Amino acid sequence: MKNKYGKYLMGMLVVTALVTFFVQRQELWSIGKKAAVKMAGTAVVDVLAPGLHYEEKENGNHFLAKVEKILFPIADYTVQIKSYETDAESTLSYEMILAMEALDENYVDENGQVVMQNNGGTDSPQPADGTQNADNPQAADGAQNADNSQAAATAQNPDTSQETSDSAGQASLTVAQPVTATQKAVEYSLEKLNDFDYLVQNFYQVDSTTTVKSDQLNVAALTGKNMKIAHDAGTPQILIYHTHSLEGYADSIPGDRSTTVVGVGDYLTELLTQQYGYNVIHDTGEYDTIRDKAYSKAAPALEQILADNPGIDVVIDLHRDGVGENTRLVTNVNGTDMAKVMFFNGLSRTTKLGDIAYLYNPYIADNLAFSFQMQLTAAEYYPGYTRKIYLKGYRFNMHYCPKTLLVEVGAQTNTVQEAKNAMVPLADILNKVLSE
């Protein structure tokens, strides 16, 4: 028995020595005899008692990681999946998070501090007093009654906004008709986009309620999904609706829905139908009279529209963000001032609880691919037009259709004209992703 074990041990040592030599032969030549002997000894200990000083490293330089890569190359993919952790795991309970988010949207200062809070269902801000009003957080889709806590992230993401002291004074701004881009202004390197850290830092804003993994943001997968429209315009192809239809702008006229986000949706519908020939349904239903129930109220209407029109390929939920009163999300495209646009995704995962089974979304990968293809196209043809894609922990009714977008068009400090101007590039980007 001892002899058998000894032969086995000797065989393992020989294999270890050979692998060490071939994997690290260049390093062995350069480090000298003593260091080489020490490395060989360390390698033997690694095989016989790896627990003694095994240290996991993301860069894969550890000896065992190299051996594993040679003997089991398929395992390397799993090892290298990274997780983008947010600043800190929330210490709040899930119910407390829902309660805080149900108060959207909050008005924040440049440091991300809440200075005003929405009065649940109107656009009339009230001073923040720390109180929390939540709908039943136990409801299956209660987590969807949350939106726009990304207002705080706006202030934390200074490269996506312009600040001015006369935010509401721009209401009379007169602008020329925006011109669509016919050629790329920027070309992104596939090599850079394949770097997970580069991708996250340049294309995404990850909310503190969630985490995202590198296998979800794999560029080959994100760009490889076919987003083309499946049929001609003989039947409806695109649905535009508004979970928060009451959202207005700096110069919106009370009672005039054409000066709210609904009017912005009207203009996007006009562009997509008249300029690009799509068959579009624009649902102007009002779902946010009680704001923290808006997603629950919109869901049955959305289900009915999709049931009545099974050929719909694309669903767009058009919103307007909420930011600090001194922040204006404005960019200039071809000489025209317009509101910046932000694409938004729910991951059905919180940092504290992990994947949320009762908020299951079979189309998360498709949702992410759609928003990324939109974001990349925007970055190449209209640099500066979009803010980073916002990733949050819930679902936001994005589970009904693979090609679903939640789009934030400017904020309450933008003018209606700026928001409508932003629809010209958006329609063009949609056409490029869906048809070209």
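Residues numbered from 1 in each chain as written. Predicted model: local features only at pLDDT ≥ 70, side-chain atom pairs only at ≥ 80, totals over all residues. Heavy atoms only, no water.

Turning to the pairing of strand S10 (residues 314-321), a few remarks are in order. Along S10, eight of the eight residues are buried, which leaves the element largely enclosed by surrounding structure. The two faces of S10 match: Val314, Ile316, Leu318 and Arg320 on one face and Val315, Asp317, His319 and Asp321 on the other face are all buried. Looking at chain direction, strand S8 (residues 238-241) and S10 are connected through four bridges and run parallel. By the bridge assignment, Tyr241 is partnered in S10 with Asp317. Summarising the sheet, S10 and strand S18 (residues 403-411) pair through seven bridges and their orientation is parallel. (Buried < 20%, exposed > 50% of the residue type's maximum accessible area, 1.4 Å probe, protein only. Helix = DSSP H or I, 4+ residues; strand = E, 2+ residues; numbered from the N terminus. Pairing = 2+ DSSP bridges.)

Turning to the pairing of S8, a few remarks are in order. Residues Ile238 and Ile240 of S8 are buried on one face, and the alternating residues Leu239 and Tyr241, pointing to the opposite face, are buried as well. Sheet topology places S8 next to strand S9 (residues 280-282); three bridges connect them, and they run parallel. Across the sheet, the residue bridging to Ile240 is His282, located in S9. Following the chain from S8 across helix H10 (residues 261-275) to the adjacent parallel S9, one finds a crossover that is right-handed. (Right-handed = clockwise from strand over helix to strand, strands pointing away.)

What follows is about the packing of helix H12 (residues 364-381) against helix H14 (residues 423-434). At a minimum axis separation of 9 Å, H12 and H14 run at an interaxial angle of 120°. Of the possible angle classes, the one that applies to H12 and H14 is oblique. Relative to H14, the crossing made by H12 is right-handed. Where H12 abuts H14, its residues Phe370, Gln373, Met374, Thr377, Ala378 and Tyr381 lie against Leu426, Ile429, Leu430, Lys432, Val433 and Leu434. Its residues assigned to classes, the contact of H12 with H14 shows nine nonpolar, two polar and one charged. (Axes fitted to C-alpha atoms, helices over the stretch in contact; angles between N-to-C directions. Parallel < 35°, antiparallel > 145°, perpendicular 65-115°, else oblique. Left-handed = near helix turned anticlockwise from the far one by under 90°. Contact = heavy atoms within 4.5 Å. Nonpolar A, V, L, I, M, F, W, Y, C, P; charged D, E, K, R; others polar.)

Okay, the environment of Arg328 next. Examined against the element boundaries, Arg328 turns out to sit in strand S11 (residues 327-328). Taking the C-alpha atoms as reference points, Arg328 and Thr415, separated by 87 residues in sequence, lie 9.8 Å from one another. Only 3.0 Å separates the side chain of Arg328 from the backbone oxygen of Thr413, close enough to count as a polar contact. A polar contact of 2.9 Å, which involves the side chain of Arg328, links it to the side chain of Glu418. (Polar contact = N/O pair within 3.5 Å; in protein donor to acceptor, adjacent residues only side chain to side chain.)

Per the counting criterion, the structure on display carries nine salt bridges. For Arg328, the salt bridge identified is with Glu418, shortest N-O distance 2.9 Å. Remark: Glu418 occurs in helix H13 (residues 416-421) and Arg328 occurs in strand S11; sequence separation between them is 90 residues. Here Arg328 matches Glu418 in class, with each residue buried. Linking Asp355 and Arg349 is a salt bridge whose minimum nitrogen-to-oxygen distance equals 2.9 Å. Judged by relative accessible area, Arg349 falls into the buried class, the value being 9%. One network of salt bridges, in which partners are shared, links Lys184, Glu187 and Glu380. (Salt bridge = Lys/Arg side-chain N within 4 Å of Asp/Glu carboxyl O.)

Let us now look at the environment of Met338. Relative to the elements of secondary structure, Met338 occurs in strand S13 (residues 336-339). The buried category is assigned to Met338, whose relative accessible area is 0%.

Turning our attention to the side chain of Arg291. By secondary structure assignment, the location of Arg291 is in the loop between S9 and helix H11 (294-308). Within the structure, Arg291 has its side chain in polar contact with the side chain of Glu247 (distance 2.8 Å).

This brings us to the sheet that holds S18. Each strand in a sheet pairs with another by means of backbone hydrogen bonds, the pair being arranged parallel or else antiparallel. Here seven strands make up an open sheet; going across it, the order is S6-S17-S14-S18-S10-S8-S9 and the pairing mixed. Unpaired on one side and paired on the other, strand S6 (204-206) and S9 mark the two borders of the sheet. Across the sheet, the mean angle separating the axes of adjacent strands is 25° when strand polarity is ignored. Packed on one face of the sheet, helix H8 (residues 196-203) meets S6 and strand S17 (389-392) and runs near 85° to S6. Set on the sheet, H11 makes contact with S8, S10 and S18; between it and S8 the angle comes to about 155°.

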